[in-house]
There are 2 protein chains.
Amino acid sequence: MKIGFIGLGIMGRPMALNLLQGGHQLTVWARRAESMQPLLDAGAQGAASATEAARGVDLVISMVADAPDVAQVMRAVATAATPGLVAVDMSTIAPAAARQIGQALASAGVDFVDAPVSGGEVGAIAGSLSIMAGGSDAAFARALPAFECMGKNIVHVGASGAGQVTKAANQIVTGMGVLAVAEAMAFASKNGVDRSKVREALLGGFAYSKILENHGQRMLDRNFKPGFKSWMHEKDMNIVMQTAHELGLCLPGAAATAQMFNAMVGSGLGEEDSIALLKLLETLSGQADK
Amino acid sequence: MKIGFIGLGIMGRPMALNLLQGGHQLTVWARRAESMQPLLDAGAQGAASATEAARGVDLVISMVADAPDVAQVMRAVATAATPGLVAVDMSTIAPAAARQIGQALASAGVDFVDAPVSGGEVGAIAGSLSIMAGGSDAAFARALPAFECMGKNIVHVGASGAGQVTKAANQIVTGMGVLAVAEAMAFASKNGVDRSKVREALLGGFAYSKILENHGQRMLDRNFKPGFKSWMHEKDMNIVMQTAHELGLCLPGAAATAQMFNAMVGSGLGEEDSIALLKLLETLSGQADK
């Protein structure tokens, strides 16, 4: 399949490489030209603009930072649209923004799929991302062979915007999950109890989660290297809270979690992994770094 | 082993029955005499008081409602203490209360273990409870054969009080976990997206938890039958928040969760399972019961 790929950052680069390895014919574009080099070396075509990356392809994929970037890229894509083009955005943006972009593309004759991912850089490199897709059956079917090069757990959740809704729900559960494990560990230490024993006891019961197992172990190891940076989770929780505001939705746990991620950014921990929430709790409670 | 067992409620009765089936010689006492009948029918001896239940046994176990009950029962046990008696409380109470009770028993020559459980009535009947124990090595070793009749995941976490600290940590993680899944589901519905598809997508990634799998399915089925009653989780979150207050510990996620369980009790949902947090969120957000 001929695929245009726009955005070659930490996530986009390995995703695009996996498309090349899957045998697809790739044209790439990135704002910073030097980001394109590894893809060109691997056999991709370079484009001079987002519009050019979308010209003459079956599928165009964007992986950029935020909703304004997606909107700008997709406006450029729309000007190059040939009949039957499917556009996929895999960035994490607000559901409402995804729906608006989908509508704008529809009026230019482009079928749009919002397909954010989870699994981070590790999953992007391994081609094992979770992909949560929203869009028409036909557009999803067109994108599926590309998704299968990049991810493992691929779910067509519903209509346009449903992928971003699912990603936001994922960030609620993972954000609160990391905070819960961090609070449980801070609670154990402040009570003079061995955190590793507490984790061990909890893993055997209903408290089991992948976060308790993986992130919990990294908390014990005090390995705060990202992984998934706190400022990115802060951005995602802001999407959650903004959507909750627009819909009149009461999410007290997500709200507390969003505030803690705000504090991560505010207190200079934004570049550390989200598990550094533990360090923040320890600072707030007078527990020495150990 | 000769065991005295005090408190034969929803949890205590099946736990005591499992001790009998494990071949132990059981003397039971409960405040309400009719609670004792099923145990007497199964071959246990009946006692006329908590003191009498503790007389001449190797191990005495309590499974009652709250810290004042435990303290009262253990004062009665102390008056019957023979050298080498080990007392185990398996109720969920505050760590500080457990430590105090342990100190009072120590001065009467009784070695104390706090060993709260998780797994609910189902786990108590199946003998598959998680047991989190705090106390001396010798006392834990004495109690272990009894624990093995009642539970599967048995962890000696640390000194006196460590069992209750671990249980509180467990309730932080499970309480926040249930709230997180309920918020994710309310978020999906309010956005017009199929909750079951969202759960399916999340199960495949880092959002996986036993709570998403089991409690999440019960939320989809709208099966709010306990299980674990909301007023009991409210009581446990109060222990967490009271302990946090005493220690100067900042737990924002647990605090939001505790408030939601307060609201469960206040809005008449206390007798329903903790997953009825979903109903509360729906009510607060104007989503019809469906």
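Residues numbered from 1 in each chain as written. Chains lettered and ligands numbered in written order. Predicted model: local features only at pLDDT ≥ 70, side-chain atom pairs only at ≥ 80, totals over all residues. Heavy atoms only, no water.

### With respect to the interface of chain B and chain A
Each partner contributes residues to the interface: chain B has 60 residues there, and chain A has 60 residues. Interface area, chain B with chain A, both sides summed: about 5,100 Å², of which 73% is carbon and sulfur. For the pair chain B and chain A, the interface holds zero salt bridges. At the junction of chain B with chain A, the criterion picks out twelve residue pairs in polar contact (both at pLDDT 80 or more). (Contact = heavy atoms within 4.5 Å. Buried area = accessible area lost by both parts, 1.4 Å probe. Salt bridge = Lys/Arg side-chain N within 4 Å of Asp/Glu carboxyl O. Polar contact = N/O pair within 3.5 Å; in protein donor to acceptor, adjacent residues only side chain to side chain.)

### Brief notes about unusual backbone geometry
Residue and element names in this part refer to chain A. The amide bond that connects P226 to the next residue, G227, takes the cis arrangement and shows omega of 15°. Relative to the helices and strands, G227 resides in the loop between helix 10 (210–221) and helix 11 (230–247). You will see that R222, though not glycine, has its phi angle at about 50°, which is positive. Given the relative accessible area of 17%, R222 is considered buried. (Helix = DSSP H or I, 4+ residues; strand = E, 2+ residues; numbered from the N terminus. Buried < 20%, exposed > 50% of the residue type's maximum accessible area, 1.4 Å probe, protein only.)

### Points about a nonpolar patch on the surface
Residues and elements named next belong to chain A. On the surface, W231, M232 and V265 cluster together into a nonpolar patch covering about 240 Å² of accessible area. Here W231 lies in helix 11. For W231, a relative accessible area of 36% translates into the label partly exposed. (Patch = residues over 30% accessible without salt bridge, like charges linked within 9 Å, V, L, I, M, F, W, Y side chains within 5 Å. Areas by Shrake-Rupley, 256 points an atom, 1.4 Å probe, with all protein chains shown as cover.)

### A word on the confidence of the model for chain A
When pLDDT is averaged across chain A, the result is 97; 99% of the residues are at 70 or more. The ipTM, which scores confidence in the relative placement of chains, is 0.96 for this predicted complex, and the corresponding pTM is 0.96. (pLDDT = per-residue confidence, 0-100.)

### Notes on the pattern of salt bridges
Tallying each qualifying case throughout the model produces 16 salt bridges over all chains. In this structure, E34 of chain A and R32 of chain A form a salt bridge, with 4.0 Å as the shortest nitrogen-oxygen distance. Since its relative accessible area comes to 55%, E34 of chain A is described here as exposed. Here R32 of chain A falls in the exposed class, since its relative accessible area comes to 51%. Between K229 of chain B and E271 of chain B there is a salt bridge, with its nearest N and O atoms 2.9 Å apart. A residue pair is termed long-range when its members are at least 10 positions apart, and K229 of chain B in the loop between helix 10 (210–220) and helix 11 (230–247) and E271 of chain B in the loop between helix 12 (252–266) and helix 13 (277–284) qualify at 42 residues. A relative accessible area of 23% places K229 of chain B in the partly exposed class. Bridged by salt links that share partners, the residues R195, R222 and E282 of chain A form one connected network.

### Here we look at the side chain of T166 of chain A
For T166 of chain A, the position within the fold is in helix 8 (residues 162–190). Using a relative accessible area of 0% as the deciding quantity, one classes T166 of chain A as buried. Apart from the residues lying within four places of it in its own chain, the contact partners of T166 of chain A are M132 and V157 of chain A together with V193, V198, A201 and L202 of chain B.

### Digging into helix 10 of chain B
Helical geometry note: an α-helix holds 3.6 residues per turn, so side chains three or four residues apart project in the same direction. All names here are of chain B. What helix 10 keeps buried is the set I211, L212, H215, G216 and M219. Seen end-on, helix 10 carries its buried residues on one side only, within an arc spanning 110°. Check the buried side of helix 10 and you find it contacts helix 8 (162–190), helix 9 (195–203) and helix 13. The positive-phi residue at the C-terminal boundary of helix 10 is R222, with phi of around 50°. (Arc of directions from axis to C-beta.)

### Examining the pairing of strand 5 (residues 86–89) of chain A
All names here are of chain A. Of the two faces of strand 5, the one holding V86 and V88 and the one holding A87 and D89 are both buried throughout. Across four bridges, the pairing between strand 4 (residues 59–62) and strand 5 is parallel. Its bridge partner lying in strand 5, I61 is registered against V88. Tracing the backbone out of strand 4, into helix 4 (residues 67–79) and back to the parallel element strand 5 gives a crossover that is right-handed. In this structure, strand 5 lies alongside strand 6 (residues 111–114), joined through four bridges in parallel fashion. Across the sheet, residue D89 finds its bridge partner in strand 6, namely D114. Each parallel crossover has a hand, and for strand 5 linked through helix 5 (residues 95–106) to strand 6 it is right-handed. (Pairing = 2+ DSSP bridges. Right-handed = clockwise from strand over helix to strand, strands pointing away.)

### A word on the relation of the copies chain B and chain A
Both copies of the chain are related through a single rotation about an axis accompanied by a shift along the same axis. The transform that puts chain B on chain A rotates by 180° and translates by 0.0 Å along the axis, for an RMSD of 0.0 Å. What the rotation and shift describe, once combined, is the action of a two-fold rotation axis. Looking at the rotation axis and the C-alpha trace of chain B, the residue lying nearest is S209 of chain B, at 2.0 Å. (Least-squares fit on C-alpha atoms with pLDDT ≥ 70 in both.)

### Side note on the packing of helix 9 (residues 195–203) of chain A against helix 10 of chain A
Residues and elements named next belong to chain A. For the pair helix 9 and helix 10, the least separation of the axes is 11 Å and the interaxial angle reads 175°. The angle between the axes of helix 9 and helix 10 places the two elements in the roughly antiparallel class. Residues R195, S196, R199, L202 and L203 of helix 9 touch helix 10, and the partners they reach there are L212, E213, G216, Q217 and L220. (Axes fitted to C-alpha atoms, helices over the stretch in contact; angles between N-to-C directions. Parallel < 35°, antiparallel > 145°, perpendicular 65-115°, else oblique.)

### Notes on helix 1 (residues 12–21) of chain A
Residue and element names in this part refer to chain A. Counting buried positions along helix 1 gives seven out of ten residues, so the element sits mostly inside the fold. Residues G12, P14, M15, A16, N18, L19 and L20 constitute the buried set of helix 1. After helix 1 finishes, the residue G23 shows a positive phi value of roughly 95°.

### Structural notes on the domain arrangement of chain A
Residues and elements named next belong to chain A. Taken as a whole, chain A is organised into domain 1 (2–158) and domain 2 (165–284). Between the C-alpha centres of domain 1 and domain 2 the distance comes to 29 Å. Each partner contributes to the interface: domain 1 provides 13 residues, whereas domain 2 provides nine residues. For the pair domain 1 and domain 2, the summed buried area comes to about 920 Å², and 64% of that belongs to carbon and sulfur atoms. Contact with domain 2 buries surface across domain 1, with T92, P95 and M132 losing the most and accounting together for 47% of the total. Counting every contact that joins domain 1 to domain 2 gives zero salt bridges. Taken together, domain 1 and domain 2 are joined by four residue pairs in polar contact (both at pLDDT 80 or more). For the side of domain 1 that touches domain 2, the secondary-structure elements that each account for two or more residues are helix 5 and strand 7 (117–118). (Domains from an automatic or database assignment.)

### Quick notes on the state of the cysteines
Using the criterion set out here, one finds zero disulfides over all chains in the structure. The thiol sulfur of C250 of chain A is not disulfide-bonded, and the nearest other cysteine sulfur, from C250 of chain B, lies at 20 Å. Residue C250 of chain A is classed as partly exposed on the basis of its relative accessible area of 28%. (Disulfide = S-S within 2.5 Å.)

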